[in-house]
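Summary of structural features
One-letter residues, chain by chain:
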Amino acid sequence: MSGASTGFRTVPLASVADSAAFAWGVAGLLLAVSVALLCVAANRHVAWRATDEAARGLRDLYENISEGVFRSTLDGRMISANPALVRLNGFSSEEEMLNEVNDIAGRWYVEPGRREAIHRMLLEHGKVTGILSEVFRYKTRERIWIEESTRLVRDQRTGRSRYYDGSVREVTETVRRLQLQERFEKIASVTAGCLYQLRTTPDGRAKMLYVSVGLKRIFGLDLAEAEANPSSINALVHPDDRRRLDESFATARTTLAPRRTDYRIRTREGVEKWVSGHSVPELEPDGSLLWHGYVEDITERKQAEERVHRLAFFDPLTGLPNRAALVERLREAMEASCRTGTSGAVLFVDLDQFKILNDTKGHHSGDALLVHVARRLDDVGGGDASIARLGGDEFVVMVAGLAGAPDAVQAHVASFADRILAALARPFTINGAPFHTSASVGVSCFNGDDADAGEHLKRADLAMYEAKASGRGQKAFFVPEMQAAVDNRLALTNELHDALDNRELTFVCQPQVHDARGVIGVELLMRWNSPTRGEVRPAEFVALAERAGLSGMLDVYVLRYACGLLRRWAANPGTRDLSVAVNVSCRQLRYGFATALAAVIDAMRIDARRLTVELTEHVMLDNSEEVADIMAQLKAIGVAIALDDFGTGYSSLSNLKLLPIDTLKIDLSFVRDIETDPNDRVIVQTIVNVANSLGKWAIAEGVETEMQATLLRQFGCRAFQGYLFGRPMPIEDFEGWIAQRGEGVIYGRVPA
Ligand code: C2E
Ligand code: CA
Ligand code: CA
């Protein structure tokens, strides 16, 4: 504190005066009488007829009163001081004090000029009362606060100022307390939260002893209202959180431990907020509790937490729970299943045509479909199922709490899966156009039990693959054999690694014939002669090799073999016009493939035109620009391109026209039923027409009967491959076979 004037401003003087009013009143009266008495006693010119007793009484009072009483000269010297004033100034006797105090203006008041100011007021009004000043305890120089009342005593006859009479009271304690209170009020008013002190009595009554303005900011309540009626605060607590809040108070009441509760309130304006209430209970002698508390607004923090939670546990696109959230729910459901003996199931849902939509119509369309799918799954699940999106087009639906025997549960889940399949089979509207898709559903049931959440997800995933493999729009339940199949595949993959190293892979070839030209070439088909498994067909290991990242090695292997074969055949007039077709894994069709092939062709010095690369139609679904580039490079090298399994994929006619494809291989699934299925006949006829009109070859695969060949010829197809013309056979057998046949059209069966 820099001076008493600051003290005037910062300390609410009125309250000091209030609090001291009673004492001051008594002291003032006493002072007036005693000072007068003493003055008179000291001045023998005036006659005074008091009894000795009265004089002694007043003297006693003067000596023992707690107020300091003084008389001083106008220039600041002390004339008299009672014991209280002597003590106040740190002296031990009046004599000592009167000797030492000679400069009240300069040495008593902390603020320079303070005495001058009071002096002026005295000249003007004759007296001052209840003036608050900071002064030095004269002897010790300790700073203290005093309240003084002084009057200017004038000569009655001449009116000249003679001296000052006054009383002084130390109020340091009061001032300090007020300063502290003022600081506290300041802090409480700028603190964001609300400080309070509440007393609750054992019979349940509550009285608000103090509440800061934060209450108004947070709860929107007037302080007066809250103080008069503390339950007006409780009335704003969210009904769902009221019990939790009451419980927290109840616990603190018994344990006397500090409590903290986060809860919601709804202000009278209807604004919902999150607040955090802390309080410390203090037991009073009468059994009441004094709660020292603080309530803060944590709405923003809660919202931020919510956002983080949403990011961590929800898929932003569909708003569905994500994998982490699902695993958590699944865990809880499985625990509940253990406790209650009920069952549940995890259904893994995968869309069959998602990739096509995403690749052909862009990610926006894909996203739109996913949102629709999420909604439909929600509709099917109603409130009973938990639905999550794991990513991509993979959704998981979980049902739990199913009672009944395993068969009944399985039947229930099966019909639920059927409802999901049916819901997703209905056309969607994407960008205003209808889009048809189907889904595959894999199911893993749980009861108790043997596997954890992650394992059940894996099982459902496996079952889903099984469902997909058995055709579109299907469901499959997990059975342990599926796991065995996976394990087997894993073992197979490892063995395949070794097979490549140990040259266990060989090739057979199947002739391709043309009505007018006879045998035109062969297709190389890979065989794996495994020492442990016997002969393994490519259907079993090629896809595996692709998944294991080995297909690139297989491709290089078959291309080298094909080039070696062409080189050998070029030297022989009976075989030099034959072409060799090889199958290439579409997943490996990446930049660099054509360059690598060109290098092999160069090194072997063969005629590139004799080599045909068979790509499945699905290759076009991958990045089609990249595929077009690679096809162009292949054509530049001179190799021919055939589109394998044609009719099963989704190539558009415009694509076909643009891409440098030489041959369409009609998939054997259409040839197989051509005699019986009119649809297949239409498809085959269309493919042949398309090929002819685009100037490409059509070659029919899997031709087994004369009838099939006859029908194919009727539709305009001239080239064939199939058991009818020749089974896949070892190369040496083929070479012997062709040498025997010589030139010309080949009809009739070749022995297997
Ligand atoms: P693909 O290219 O469509 O080969 C035709 C498949 O049909 C061959 O089965 C062949 O043996 C079989 N086939 C031929 N004529 C007939 C017939 O008249 N009736 C019936 N029912 N089937 C016939 P394979 O050899 O088991 O090959 C299966 C698939 O494995 C091939 O289908 C091809 O996609 C893949 N593949 C074969 N060799 C290789 C290879 O060296 N590399 C790669 N990447 N894939 C290969
Ligand atoms: Ca093929
Ligand atoms: Ca084929």
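Quick summary incoming for the structure in this document. (Residues numbered from 1 in each chain as written. Chains lettered and ligands numbered in written order. Predicted model: local features only at pLDDT ≥ 70, side-chain atom pairs only at ≥ 80, totals over all residues. Heavy atoms only, no water.)

Bringing unusual backbone geometry into the picture now. We note that Arg141 has phi near 65°; this positive angle belongs to a residue other than glycine. Of note, Arg141 is situated in the loop between strand 3 (127-136) and strand 4 (143-154). In this model, Asn431 sits at a positive phi of 50°, which is unusual for a non-glycine residue. Tracing the backbone shows Asn431 in the loop between strand 14 (428-430) and strand 15 (433-435). (Helix = DSSP H or I, 4+ residues; strand = E, 2+ residues; numbered from the N terminus.)

At the metal site, the calcium ion (ligand 3) is ligated by Asp644 (OD), Asp645 (OD), Glu701 (OE) and Glu701 (OE), and these contacts range over 2.2 to 2.5 Å. Taken in sequence order, the residues that donate to the calcium ion (ligand 3) follow the motif D-D-x55-E. If you look at the calcium ion (ligand 3) and the calcium ion (ligand 2), they sit 4.3 Å from each other and are both ligated by Asp644. Here Asp644, found in strand 23 (residues 640-646), pairs with Glu701, found in the loop between strand 25 (697-700) and helix 27 (706-714); they are 57 residues apart in sequence, far enough to count as distant. Neither Asp644 nor Glu701 differs from the other in exposure class; each is buried. (Donors = N, O, S within 2.8 Å, 3.2 Å for Na, K, Ca; no water. Buried < 20%, exposed > 50% of the residue type's maximum accessible area, 1.4 Å probe, protein only.)

All of the buried residues along helix 27 are Gln708, Ala709, Leu711 and Leu712. The buried residues of helix 27 occupy one face: seen down the axis, they fall within an arc of 165°. Structurally, helix 27 contributes buried residues whose contacts are with helix 25 (668-672), helix 26 (678-694), strand 25 and strand 26 (719-720). Of the residues one or two after helix 27, Gly716 is the one with positive phi, at around 100°. (Arc of directions from axis to C-beta. Contact = heavy atoms within 4.5 Å.)

Read across the sheet, 5 strands follow the order 12-13-11-16-17 without closing on themselves; strand pairing throughout is mixed. Looking along the sheet, the strands with just one partner apiece sit at the ends: strand 12 (385-391) and strand 17 (475-477). Averaged over all adjacent pairs, the angle separating strand axes in this sheet is 20°, with direction ignored. Bridge count between strand 12 and strand 13 (residues 394-402): 6 bridges; the pairing is antiparallel. When the sheet's bridge partners are listed, Arg389 is paired in strand 13 with Phe395. Where helix 16 (residues 363-381) meets the sheet, its contacts fall on strand 11 (343-351), strand 12 and strand 13, and the angle it forms with strand 13 comes to roughly 10°. (Pairing = 2+ DSSP bridges. Axes fitted to C-alpha atoms, helices over the stretch in contact; angles between N-to-C directions.)

In this section: the coordination of the calcium ion (ligand 2). In the first shell of the calcium ion (ligand 2), the protein supplies Glu523 (OE), Asn583 (OD1), Glu614 (OE) and Asp644 (OD), at 2.1 to 2.2 Å from the metal. Counting residues between consecutive donors of the calcium ion (ligand 2) along the chain gives the motif E-x59-N-x30-E-x29-D. Glu614 gets classed as buried once you look at its relative accessible area, which sits at 2%.

Moving on, we come to the packing of aromatic side chains. Counted by the stated rule, this structure contains 10 aromatic pairs. Seen from their ring centres, Trp108 and Tyr109 are 5.4 Å apart, and the 75° between their planes marks the pair as edge-to-face. Overall, Trp108 belongs to the buried group, its relative accessible area being 7%. Linked through ring pairs, Phe507, Tyr557 and Tyr561 together constitute an aromatic cluster. The ring of Trp274 carries Lys302 above its face, with NZ or CZ at 4.5 Å from the centroid. The lysine or arginine in question, Arg376, covers the ring of Phe428, its NZ or CZ lying 3.8 Å from the ring centre. (Phe/Tyr/Trp six-rings, centres within 6.5 Å; stacked < 30°, edge-to-face > 60°. Lys NZ or Arg CZ within 6 Å of the ring centre and 35° of its normal.)

Attention now moves to the site of ligand 1. In the vicinity of ligand 1 there are 23 residues, among which Gln510, Asn583, Asp644, Glu704 and Tyr723 approach most closely. Between ligand 1 and Arg537, the relevant distance is 3.0 Å, taken from an oxygen atom to a side-chain nitrogen or oxygen of the residue. Coverage of ligand 1 by the protein chains reaches 84% of its 800 Å² of free accessible surface. Counting only elements with at least two residues in the shell around ligand 1, the list comes to strand 18 (505-514), strand 19 (518-530), helix 20 (538-547), helix 21 (551-570) and strand 23. For the shell around ligand 1, the leading source of residues is strand 19, giving 4 residues. Considered class by class, the residues forming the shell around ligand 1 number 10 nonpolar, 5 polar and 8 charged. (Near = heavy atom within 4 Å. Polar contact = N/O pair within 3.5 Å; in protein donor to acceptor, adjacent residues only side chain to side chain. Areas by Shrake-Rupley, 256 points an atom, 1.4 Å probe, with all protein chains shown as cover. Nonpolar A, V, L, I, M, F, W, Y, C, P; charged D, E, K, R; others polar.)

The strands that make up a sheet are held in pairs by hydrogen bonds between backbone atoms, and each pair lies either parallel or antiparallel. Taken in spatial order, the 5 strands of this open sheet run 7-6-10-9-8, and their pairing is antiparallel. Each end of this open sheet is capped by a strand with a single partner; those strands are strand 7 (206-211) and strand 8 (259-266). Neighbour to neighbour, the strand axes of the sheet diverge by 30° on average, direction disregarded. Of the pairings in the sheet, the one linking strand 9 (residues 272-283) to strand 10 (residues 289-297) comprises 9 bridges and is antiparallel in character. Among the inter-strand pairings, Glu282 is bridged to a residue of strand 10, identified as Leu290. With respect to the sheet, helix 12 (residues 239-255) is in contact with strand 6 (194-200), strand 8, strand 9 and strand 10, its orientation differing from that of strand 8 by roughly 155°.

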